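Commentary on secondary and tertiary structure
Next come the chains, spelled out residue by residue.
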Amino acid sequence: MNKKLFVLLVILMSLSLTGIIFVQVYWIRTSVKDKEEQFSRTVTGILDRVANRVEKREMKDYSDRLASLVDSIGQPQTTQFRNFLFVDRDLNSDEILFYSHGILEEDYNISSTFFDNQSGEDTTTFKNYTSKRTKAVFKEEFGLDGKSYSLTPIQKAEKIGGLSSIDKAVWEDVFMEYAKSRPIHKRVSKQEIELLLTQELKNREIDIDFEYGVYSQGFPTKVQSKKFKFTDTKMYRAPIFKDSEGSTSFSLLLTFPKMKRFLFKSIMGMAILSLVFTLVIVVAYSSAIYQLIKQKQISEIKTDFINNMTHEFKTPIATINLAVEAIRNPKSISDTDKVLRYLGMIRDENKRMHAQVENVLRISKLEKNQLDISKDRVDAHDIINDAVTHIELIVADRGGYVKAHLDAERSEVLANDVHFTNVMVNMLDNAVKYSPDAPKIDVYTELAKNHIIIKVKDQGAGMSKAVLKRVFEKFYREHTGDIHNVKGHGLGLAYVKRIIEDHQGEVYAESEKGKGSTFFIKLPLI
């Protein structure tokens, strides 16, 4: 894939994912805000309803007391005044209409102690005003002699009733003026407000703890819950005990300590579902980007591998070709020593190519779990000595050394002789390859509880931390500018890791650039 196209796709996908996350966060915040506004409207309505119910209850209490006192005094003193009279005569039907409307005053003589007056003066007067309406229709009749005359009643009605809205308004105004002088805790109790608030919240399916208080002109009163605290934020209020003009000095305040939790809980289901889907998208996106980058790296590594394999096969092929041409030369074919030397070169180069092919095939079989690894009791020290023998001539040829310091008192492990030998040879060969100068290699063994630890230490080029993290990856080789300056194809250490893990062991490395590397193999003892 073109690098620019790959970068463009990553940028577009990142912008899309960021947009989705932004929309989800915006939706959640908007939902919480809408819920909060809806909750505020509901609570405001609840407070108004509670205040009205308290006011009506107080009015009813005094009305009931007044009614019971009126019933107990018997017949009140009655006076009639402001009587209105209307008379109309219909000439066609000889009917006369009499209509009268008068106002009756009833004095109940109720003591002022009705209002709990503490002054000791009995100056309160209760009077009731009712209306009396009378309607009568008479017909004029004359005798046969034309001299006698009489009025015959044909309809008569009388109605006595209250003054309705006028009377009610007067009573409420008088009551409200009196009620202002009473202490607030005598007008309403904490239990009443708490009960009414609980009922109203329950009716609207709001299950949340609350605190309340009644304040007078910004100052607290005795009517408040134990944990109520005045605050300027998230506090709902409604006027209570309003007078006839709608003004009051008292406010009913309500707070919800756990309101945010309640509001978030109301959208928790959709929010969690939204977050889960967003997380799935993020994980899928991250995985896709990771796989794209990994595939790009693998493609580069495979290209590097093919170049290295081509180079490593090209050299032995060229050597074999030259040896064959030399043998075909008539001057050389009669020289037995030269022929044998050329045949030895052909054999060695053929073994070298065969070893490389076998290494690739072994890794392929390990990937498919097709490699048959049978394990027997073997001595790790014997395996190490055998591996050292394989490379000591090469090391000596370069002016270096390889020394074994086998100090472990126990060394028997359950392993496959062939593969374990290949592991040690690969480890030592790796140390030789990455030693620019004369190779100086030391092999140590030591015990760690029920395990044997094998250390292969060199004084070569070493590795950076970035290389150290990936040194056991398949096909991975450190780039040094010229990819052919060290022969190999990045499969040796990958093979080592797979074999050691199959033996229930561990393999890891420590290294510092320019100071050499140390590889560790940890295997369980028998």
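Computed from a prediction, not measured in an experiment: that's the story for all the values here.

To continue, consider the sheet that holds strand β14 (residues 506-511). Strand order in the open sheet formed by five strands is β10-β12-β13-β15-β14, with mixed pairing between adjacent strands. If you trace the sheet from one side to the other, it starts and ends with β10 (401-406) and β14, each paired once. The mean inter-strand angle of the sheet, taken between neighbouring strand axes irrespective of direction, is 15 degrees. With seven bridges connecting them, strand β13 (residues 451-458) and strand β15 (residues 517-524) associate as antiparallel partners. Paired with Val 456 across the two strands is Phe 519, which belongs to β15. Against the sheet, helix α12 (residues 492-502) engages β14 and β15, with an angle of about 140 degrees to β14.

Take the packing of helix α9 (residues 380-397) against helix α10 (residues 417-433) next. Closest axis-to-axis distance for the α9/α10 pair is 9 Å, and the angle between their directions is 40 degrees. Judged on the interaxial angle alone, α10 and α9 are oblique. Viewed along their axes, α9 and α10 form a crossing whose handedness is right-handed. Judged by residue contacts, Ala 380, Ile 383, Ile 384, Asp 386, Ala 387, Val 388, His 390, Ile 391, Ile 394 and Val 395 of α9 engage Asp 417, Phe 420, Thr 421, Met 424, Val 425, Leu 428 and Val 432 from α10. In the contact of α9 with α10, the residues fall into 13 nonpolar, two polar and two charged.

One pass over the structure, following the stated rule, counts nine aromatic pairs. Here the aromatic rings of Phe 39 and Phe 256 are separated by 5.1 Å at their centres, their planes lie at 70 degrees, and the arrangement is edge-to-face. With a gap of 217 residues between them, Phe 39 in helix α1 (residues 3-72) and Phe 256 in the loop between β8 (250-255) and α5 (259-266) connect regions that are remote in the sequence. On the basis of an interplanar angle of 85 degrees and a centroid distance of 6.1 Å, the ring pair of Phe 472 and Phe 519 is categorised as edge-to-face. Here the residue Phe 472 occupies a position in the loop between α11 (465-470) and α12, and Phe 519 occupies one in strand β15, the gap between them amounting to 47 residues. Comparing Phe 472 with Phe 519 shows no difference in burial state: the two are buried.

This part is about the side chain of Thr 221. Among the secondary structure elements, Thr 221 is positioned in strand β6 (residues 219-224). Here Thr 221 falls in the buried class, since its relative accessible area comes to 13%. When neighbours within four sequence positions are excluded, Thr 221 is seen to be in contact with Ile 184, Val 214, Tyr 215 and Ser 216.

For the rest of this paragraph, the subject is the pattern of salt bridges. Counted under the stated rule, the structure contains 13 salt bridges. Put simply, Arg 328 and Glu 325 hold a salt bridge, and the shortest N to O gap is 3.8 Å. Taken as a pair, Arg 328 and Glu 325 lie in helix α6 (residues 268-328) at a separation of three residues, close to a single helical turn. Assessed through its relative accessible area of 42%, Glu 325 is described here as partly exposed. As a salt-bridge pair, Arg 377 and Glu 412 come within 2.7 Å of each other at their nearest N and O atoms. Separated by 35 residues along the polypeptide, Arg 377 in strand β9 (residues 376-379) and Glu 412 in strand β11 (residues 412-415) bring together distant segments of the chain.

Looking at α12, one finds that the buried residues are Gly 492, Leu 493, Ala 494, Tyr 495, Val 496, Ile 499 and Ile 500. In the segment just after α12, Gln 504 is the residue with positive phi, at about 60 degrees.

Here we take up the nonpolar core. Formed by 40 residues in total, the largest nonpolar core has its most connected members in Phe 420, Val 423, Met 424, Leu 428 and Ile 521. Elements with a minimum of two residues in this core: α9, β11, α10, β12 (440-448), β13, α12, β14 and β15. Not counting the four nearest positions on each side in its chain, Leu 428 is found in contact with Ala 387, Val 388, Ile 391, Val 402, Ile 441, Val 443 and Val 456. Core analysis: the next-biggest nonpolar cluster, separate from the first, contains 29 residues, Leu 201, Phe 250, Phe 256 and Leu 263 among them.

Counting all residues, the mean pLDDT for the protein is 76, and 75% of those residues have values of 70 or more. Scored below 50 in pLDDT, residues 481-489 makes 28 contacts in the model with residues more than four places away or belonging to other chains.

Let's shift gears to the pairing of strand β5 (residues 211-216). Note on strand geometry: in a regular strand, side chains alternate between the two faces of the sheet. Among the six residues that make up β5, five are buried, leaving the element largely enclosed by the rest of the structure. By the bridge criterion, six bridges tie β5 to β8 in an arrangement that is antiparallel. Following the sheet pairing, Ser 216 is matched in β8 by Phe 250. Relative to β6, β5 runs antiparallel, the two being bridged by three bridges. Following the sheet pairing, Ser 216 is matched in β6 by Phe 219. The hairpin formed by β5 and β6 contains two residues between the paired strands, and Gln 217 there has a positive phi angle of roughly 50 degrees.

Definitions and cut-offs
Position numbers for residues start from 1 in each chain and track the written sequence from start to end. It should be noted that, the model being predicted, local features are given only for residues of pLDDT at least 70 and side-chain atom pairs only at 80 or more, the latter also being counted only at that level, while totals for whole chains, interfaces and linings use all residues. In computing side-chain properties, one takes all heavy atoms of the structure into account and sets aside hydrogens as well as water. Should DSSP find at least two bridges between two strands, the strands are taken to pair. Secondary structure is summarised from DSSP: a helix means a run of H or I of at least four residues, a strand means a run of E of at least two, and numbering begins at the N terminus for each. To get an axis, a line is fitted to the C-alpha atoms, and for a helix only the part in contact is used. The angle between two axes follows their N-to-C directions and goes from 0 to 180 degrees. Only heavy atoms enter the contact rule, under which two residues are in contact if any of them lie within 4.5 Å. Throughout, the term roughly parallel applies to angles under 35 degrees, roughly antiparallel to angles over 145, roughly perpendicular to angles from 65 to 115, and oblique to all others. Rotating anticlockwise by less than a right angle from the far helix to the near helix defines a left-handed crossing, while the corresponding clockwise rotation defines a right-handed one. Gly is placed with the polar residues, together with every amino acid not listed as nonpolar (Ala, Val, Leu, Ile, Met, Phe, Trp, Tyr, Cys and Pro) or charged (Asp, Glu, Lys and Arg). Within 6.5 Å between ring centres, the rings of Phe, Tyr and Trp (the latter by its six-membered ring) count as paired, and their orientation is classed by plane angle as stacked under 30 degrees, edge-to-face over 60, tilted in between. A simple rule labels every residue: compare its accessible area, found with a 1.4 Å probe on the protein chains alone, to the largest value its type can have, and call it buried under 20%, exposed over 50%, or partly exposed in between. Basic side-chain nitrogens of Lys or Arg form a salt bridge, by our definition, when they fall within 4 Å of a carboxyl oxygen of Asp or Glu. The set of buried Ala, Val, Leu, Ile, Met, Phe, Trp, Tyr and Cys residues whose side-chain atoms join them within 4.5 Å is what this entry labels a nonpolar core. Summary of the metric used: pLDDT quantifies the predictor's per-residue confidence within the range 0 to 100.

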